[in-house]
Amino acid sequence: MSESKWIPTVCYQCKAECAILARVEDGVVREVKGNPRARGKMCVKGMAGITTLYSQERLKHPLKRVGERGEGKFVRIGWDEAMNIMETKLRELRKRGEGHKFTYSMFPHSTTDPKWRFVNAMGGFITTGLPHCDSAKIMAHLHTFGCFPNHHIAPMYYTVPKGGVMILSGRHPFGCLDDACVPRDILDAKERGAKLVVIDPIFRTEAAKADWWIPIRPGGDAALFLGMCNHLLTKGLHDKAFCDKWVREGDMAGLMAFIKNKTPAAMSKICDVPARDIVKLAEMCAAAPSVSVDAFKSIMYGNAMDWGHAWSIFLVITGNLDNPGGQPMPEIAPMAPVAPVPPPPNLKELGYHRTGPNRARFDHYTFFLQPTWYAAQAVREGTLKVFFASECNPALSEMGSGEWREAMTLKDRSGNYALELFVLTEIMPSETMKWADLVLPDQTNFERWELLYMPWWYNFGHTAAVCQPVVKPVGESRHANRVMIDLGKRMFPEFFAFKDDVEYYDIELSGIGMSMRKMLDGGAIWSPGTVGFRKYEDAGRFNTPSGKIELEWKMYGDIGQQWPSPELPLEFRRDADKYPFILVNFRTIFLNNTGAWSQNNAQLRDPVSGIDANPVLLNPVDAARLGIADGDMVTVASSTGSVRLPASLTERIKPGCAGIIHGFGQTMGKVASRGAWAGDNELIADAGSHLDEQDLRGGEAHVSTRVKITK
Amino acid sequence: MKQLSIMVDLDRCIGCKTCIVACRNHHGLVNHETAMPEGMSHYLRVESELTGTFPRLAEDYWVVMCQQCKKPPCIKACAAGAITKDAQTGIVRIDREKCTGSGACIEKCPYGVIQFNAEGRFAHKCELCHDRVVHGQEPVCVEVCLADALRFGEREILQMQAEAAGKKLLKKRSTQSILYVKRAD
Ligand code: SF4
Ligand code: SF4
Ligand code: SF4
């Protein structure tokens, strides 16, 4: 009989990183499914992960660019040569005193990612998807009630009581960005009698299951929630006892003064939700035993900070913090530091790679990651000289793709690239690869060791999980973490004195009395225990400077941002007659956005088991006005870019909006390059050079950009 | 005859296609190395229906697999006698040894669910995970369904469960052995 067993590990087809089991038979992964010790689910992307692992398109050897950047021509080299190229350039950079001109773009799989350690040792910066996605939300919650949620801290849907209200505001949890258990948990809560309210300009799966769908004008969420706050506060429907006890003195009075003119009628004009519906939703929330707000995508508005602030205020005045069915507030379990710890760069002194017109005003942001990422400007202004990227696809994921490409190929007077070295680790061919000088073959989650540690995961039953190799690596692939540890050993032996990644993780785990061995024996996951509720009551304080909830952001007083604006920044409001449509870019469960590994996955791009088309969605009312028929090729143009796409007419989308899926547009890889689809970032303006107000008020302009449609 | 079945709950199916890929993995339907979109066998497919006009819309999703027909047209179509309906379980099975690869069943199946393996020249389809259910396990799709929209059991018992949960049988879709239900309201 052949050997066959289920091995616990972790999925990495998307950033939710669900705990899974892999069935390995005779050294080959045959099947995968959710780990029953965790919350037991795995989504379609994860299921298709085996296709990523074995695809003949896998990059198997280090590649070095020949020819110009953008041509996509490479020769195979050995790992030694690749390591030498990186070491030589980085040493030279440090010698010039420009270590901070090194940036690594990655998604740290834990707060203790070894790649991040390398960046700190080098004195460089890390940039993650966060500046694009959820810095604004993190900062909003951090400022207001001192907890560190990000989009992974979805409400714990399994705690929502009967009658509880679950609000999804521009959020598609059925796409499984939090954990694959979430769709089930939301539907279970519904069956228990909780109510699902979906606020979204596009009618999607979540809306189809909702008790109430509210098709909002994109970017109107802050206005909608401020309108609700106005109604609750002026009618005395807010949780007075909670506010009296926990809100900093003076803040309620300040809020009352601020909210006075944010009436449902006034806010309705901005968000295009009827005033009576704003009142109805407010009253529904006031009467409910719990309200949760899940809003990931909607923080990608041009006013993400305001929206995060408005939403935080709403949670506070309805008393929905750390209660069953409300906003969880995770605790951080202490991992042990791996001494000696390399110090991070001094942001106060060096500043961010921020070169736009509002540079000075950025000093107000206290977050350790850049509020927004300005790759193109940084290259242009000489503050980015060496760029590494892993598990991201900046050629498609950066706002302003055109400017990004230009920056990559920008040369100085002597004909050298301004960006001196660009290194990319990649599992599959990617669009970004075309511009890289070195392309290093990375490993899938089935081939690598990794300690995943996300304190907020405890919402899903664990905080740490171990990804372990279940099969031999394909070709000469090496996991990016190992590559950076090796480079660290060469360049900074004092900070990389441990044996390898596994020993590094072991030291970290000792902080919680665990080890890799113990983790594996326990099913590859670890949980600190139960989540607990209303922990601020036991602590007697919130984790803010005053110990109270701080509704007014006093530190932003001098940039006029102590209270949230209901409006989008000016650049998204002007030129409305020239660009009458609002671009709504959205996600699907079938793709990890621009991730080259999912775009190149045959099962995920198969029309039966995935998605293979990305037309621009238009409402038939708009199409009729413009004389556009279903399937017609149209030009979608913003003030900074344009794409040609077939139009798909559907009742799903709110008139005045144009919808496209985020993540298409690859020209590399046999699977990913199928069809003449386009990347949405061709249309979205590059923040540093084109936007003035937006970059101070947060996030990416994914759901705010104005476009026009012509045949 | 006992009829094993799957009950599809339209209140829960979100059309995520997880079941399709898990089924392919379990039954080895994909050559992961060379797979290209549009060329892969599949034992299930997702269907959906959007009704209404903006902003009053409704949409349902469900999956279609072999319906384990009561009087299977595929059996009648097969001259080689390769298809039978198992008396113990009501599962319609294709005997790969006897299958001549004529493709006659594929044309006659009203649900378009029979797949053809061009290399081995044989017809194949969902057999309700016969390999698993005879060992007391659920079919793969039922186990992995992201939304817990599928339930496995005897058709008769599933119907009682639906009734107890206040779900109504969608008669038009449930004429064969697979059941489709939705909240009665
Ligand atoms: S949500 Fe899906 S793709 Fe993402 S980690 Fe979980 S199972 Fe994998
Ligand atoms: S659905 Fe098709 S394959 Fe299945 S029993 Fe009926 S006719 Fe045969
Ligand atoms: S996995 Fe479940 S919810 Fe998803 S398509 Fe299949 S039956 Fe529907």
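Residues numbered from 1 in each chain as written. Chains lettered and ligands numbered in written order. Predicted model: local features only at pLDDT ≥ 70, side-chain atom pairs only at ≥ 80, totals over all residues. Heavy atoms only, no water.

Trainee: So what exactly am I meant to see when it comes to the overall build of chain B here?
Mentor: When its secondary structure is counted, chain B shows six helices and ten strands. The principal-axis extent of the C-alpha atoms belonging to chain B is close to 50 × 40 × 30 Å. Considering chain B as a whole, with its 185 residues, one finds that 54% of them fall into the buried category. Sequence separation of at least 24 residues holds for 57% of the intrachain contacts in chain B that already meet a minimum separation of 6. Taken as a whole, chain B presents about 8,900 Å² of accessible surface, with 48% of it coming from carbon and sulfur. On chain B, the mean spot of the 26 positive side-chain charges and the mean spot of the 22 negative ones are 6 Å from each other. (Helix = DSSP H or I, 4+ residues; strand = E, 2+ residues; numbered from the N terminus. Buried < 20%, exposed > 50% of the residue type's maximum accessible area, 1.4 Å probe, protein only. Contact = heavy atoms within 4.5 Å. Areas by Shrake-Rupley, 256 points an atom, 1.4 Å probe, with all protein chains shown as cover. Lys, Arg positive; Asp, Glu negative; His and termini not counted. Charge placed at Lys NZ, Arg CZ, Asp CG, Glu CD.)

Trainee: It is not clear to me how the site of ligand 3 should be interpreted in this structure. Could you clarify?
Mentor: Around ligand 3 lies a shell of 13 residues, among which Cys13(B), Cys16(B), Lys17(B), Cys19(B) and Cys145(B) are the nearest. Here the shell around ligand 3 is composed, by residue class, of ten nonpolar, two polar and one charged. (Near = heavy atom within 4 Å. Nonpolar A, V, L, I, M, F, W, Y, C, P; charged D, E, K, R; others polar.)

Trainee: Just to check I follow, could you spell out the interface of chain A and chain B for this structure?
Mentor: A common measure of how large an interface is: the accessible area buried when the components associate. Contact residues are listed per partner, giving 51 residues for chain A and 45 residues for chain B. Note on chain A versus chain B: buried area summed over both sides is about 3,800 Å², and carbon and sulfur give 58% of it. Where chain A touches chain B, the interface holds eight salt bridges. Of the charged contacts, one joins Lys167(B) and Glu191(A) as a salt bridge, the two residues approaching to 3.8 Å between their closest N and O atoms. Applying the counting criterion to the chain A and chain B interface returns 23 residue pairs in polar contact (both at pLDDT 80 or more). Listing elements by their share of the side of chain A that touches chain B, those giving two or more residues are β3 (28-34), α1 (44-47), α2 (49-54), α6 (182-192) and α7 (205-209) of chain A. Sort the elements by how many residues they give to the side of chain A that touches chain B and α6(A) lands first, with six residues. For the side of chain A that touches chain B, the per-class residue count stands at 25 nonpolar, nine polar and 17 charged. (Buried area = accessible area lost by both parts, 1.4 Å probe. Salt bridge = Lys/Arg side-chain N within 4 Å of Asp/Glu carboxyl O. Polar contact = N/O pair within 3.5 Å; in protein donor to acceptor, adjacent residues only side chain to side chain.)

Trainee: How should the pattern of salt bridges be read in this particular structure?
Mentor: Pairing is possible between side chains that carry opposite charge, provided their charged atoms lie close to one another. One pass over the structure, following the stated rule, counts 56 salt bridges over all chains. Taking the shortest distance from any N to any O, the salt bridge between Arg39(A) and Asp185(A) comes out at 3.3 Å. Taken as a pair, Arg39(A) in the loop between β3 and α1 and Asp185(A) in helix α6 lie far apart in primary sequence, 146 residues in all. A salt bridge links Lys41(A) to Asp148(B); its shortest N-O distance comes to 2.7 Å. Of this pair, Lys41(A) sits in the loop between β3 and α1 while Asp148(B) sits in the loop between α5 (140-144) and β8 (150-154), which puts the two residues in different chains. By relative accessible area, which is 4% here, Lys41(A) ends up buried. Connected through salt bridges with shared partners, the residues Lys89(A), Glu92(A), Arg96(A), Glu98(A), Lys101(A), Lys385(A) and Glu420(A) form a single ionic network.

Trainee: Is there a simple way to think about the packing of aromatic side chains in this case?
Mentor: Aromatic rings in a pair are described by how distant their centres are and how their planes are angled relative to each other. Residues and elements named next belong to chain A. Under the counting rule described, the total for this entry stands at 24 aromatic pairs over all chains. Here a set of aromatic residues connected by ring pairs shows up, and it is made of Phe102, Tyr104, Phe118, Phe388, Phe492, Phe496, Phe498, Tyr504 and Tyr505. Above the face of the Tyr158 ring, Arg39 is positioned so that its terminal group lies 3.9 Å from the ring centre. Sitting above the plane of the Trp212 ring, Lys280 keeps its charged end 4.1 Å from the centroid. (Phe/Tyr/Trp six-rings, centres within 6.5 Å; stacked < 30°, edge-to-face > 60°. Lys NZ or Arg CZ within 6 Å of the ring centre and 35° of its normal.)

Trainee: Whenever I open this one, the nonpolar core confuses me. Can you help?
Mentor: Considering soluble globular proteins, one finds that nonpolar side chains tend to be buried as a cluster. In this structure, Val29(A), Val32(A), Phe446(A), Ile6(B), Val8(B), Leu44(B) and Tyr180(B) are the most contacted members of the largest nonpolar core, which totals 122 residues. Once residues lying within four places of it in the same chain are set aside, the contact partners of Tyr180(B) are Val8(B), Leu10(B), Trp62(B), Val63(B), Val64(B), Met65(B), Gln67(B), Lys168(B), Leu169(B), Leu170(B), Arg173(B) and Ser174(B). Counting 53 residues, the second largest nonpolar core, distinct from the first, contains Ile167(A), Ile270(A), Cys271(A) and Tyr536(A). (Core = buried A, V, L, I, M, F, W, Y, C linked by side-chain atoms within 4.5 Å.)

Trainee: Mind showing me how you'd approach the sheet that holds strand β8 (residues 165-169) of chain A here?
Mentor: In a beta sheet, neighbouring strands are held together by backbone hydrogen bonds and run either parallel or antiparallel to one another. Residues and elements named next belong to chain A. Reading across the sheet, the four strands line up as β10-β9-β8-β11 and stay open at both edges, with parallel pairing between neighbours. The sheet is open, and its two edges are formed by β10 (212-214) and β11 (291-294), each paired on a single side. Between one strand axis and the next, the sheet turns by 15 degrees as a mean value, whatever way the strands run. As judged from the four bridges shared by β8 and β11, these two strands associate in the parallel manner. Paired with Val165 across the two strands is Val291, which belongs to β11. (Pairing = 2+ DSSP bridges. Axes fitted to C-alpha atoms, helices over the stretch in contact; angles between N-to-C directions.)

Trainee: Help me out: how do you make sense of the sheet that holds β8(B) in this one?
Mentor: Residue and element names in this part refer to chain B. The strand order across the open sheet built from four strands is β8-β1-β10-β9, with neighbouring strands paired in mixed fashion. Each of the sheet's edge strands pairs with one partner strand only, and the pair in question is β8 and β9 (167-169). The mean angle between the axes of side-by-side strands here comes to 35 degrees, regardless of whether they run parallel or antiparallel. Two strands pair when backbone bridges link them, and strand β1 (residues 4-9) and strand β10 (residues 179-183) are joined in this way by three bridges, in the parallel orientation. Bridged to Val8 within β10 is Tyr180. Against the sheet, helix α6 (residues 155-164) makes contact with β1, β8, β9 and β10, and its axis sits at roughly 130 degrees relative to β8, the strand it touches most.

Trainee: Explain the pairing of strand β14 (residues 438-441) of chain A here, please?
Mentor: Side-chain positions along a regular strand alternate between the two faces of the sheet. Residue and element names in this part refer to chain A. Here β14 shows a buried face lined by Leu438 and Leu440 and a second buried face lined by Val439 and Pro441. Strand direction decides the pairing type here: strand β4 (residues 63-65) and β14, joined by two bridges, are antiparallel. Along β14, the bridge assignment pairs Leu63 with Val439. As paired strands, strand β13 (residues 421-426) and β14 are joined by four bridges and run parallel to one another. By the bridge assignment, Leu424 is partnered in β14 with Val439.

Trainee: Help me understand the side chain of Glu57(A) in this model?
Mentor: With respect to the helices and strands, Glu57(A) occurs in the loop between α2 and β4. With near-sequence residues (within four places) excluded, Glu57(A) lies in contact with Met428(A), Pro429(A), Asn600(A), Gly669(A), Lys670(A) and Val671(A).

Trainee: I keep staring at the pairing of strand β6 (residues 102-105) of chain A and nothing clicks. Help me out?
Mentor: All names here are of chain A. Every second residue of β6 is oriented toward a common face, with Phe102 and Tyr104 on one face and Thr103 and Ser105 on the other, all of them buried. Alignment of β6 against strand β12 (residues 386-390), held across four bridges, turns out to be parallel. Its bridge partner being in β12, Ser105 is matched across the sheet by Ala389. Bridge count for β6 against strand β7 (residues 125-127) is three bridges, and the pairing is parallel. From the neighbouring strand, Thr103 faces β7, where its bridge partner is Phe125.

Trainee: It is not clear to me how unusual backbone geometry should be interpreted in this structure. Could you clarify?
Mentor: Glycine aside, residues mostly have negative phi, and peptide bonds are mostly found in the trans state. Cis geometry marks the peptide bond from Ala339(A) to Pro340(A); its omega dihedral reads -10 degrees. As for its position among the elements, Pro340(A) is in the loop between α13 (304-317) and α14 (347-350). Here Phe54(B) and Pro55(B) are connected by a cis peptide whose omega angle stands at -5 degrees. With respect to the helices, strands and loops of the structure, Pro55(B) is situated in the loop between β2 (45-53) and β3 (56-64).

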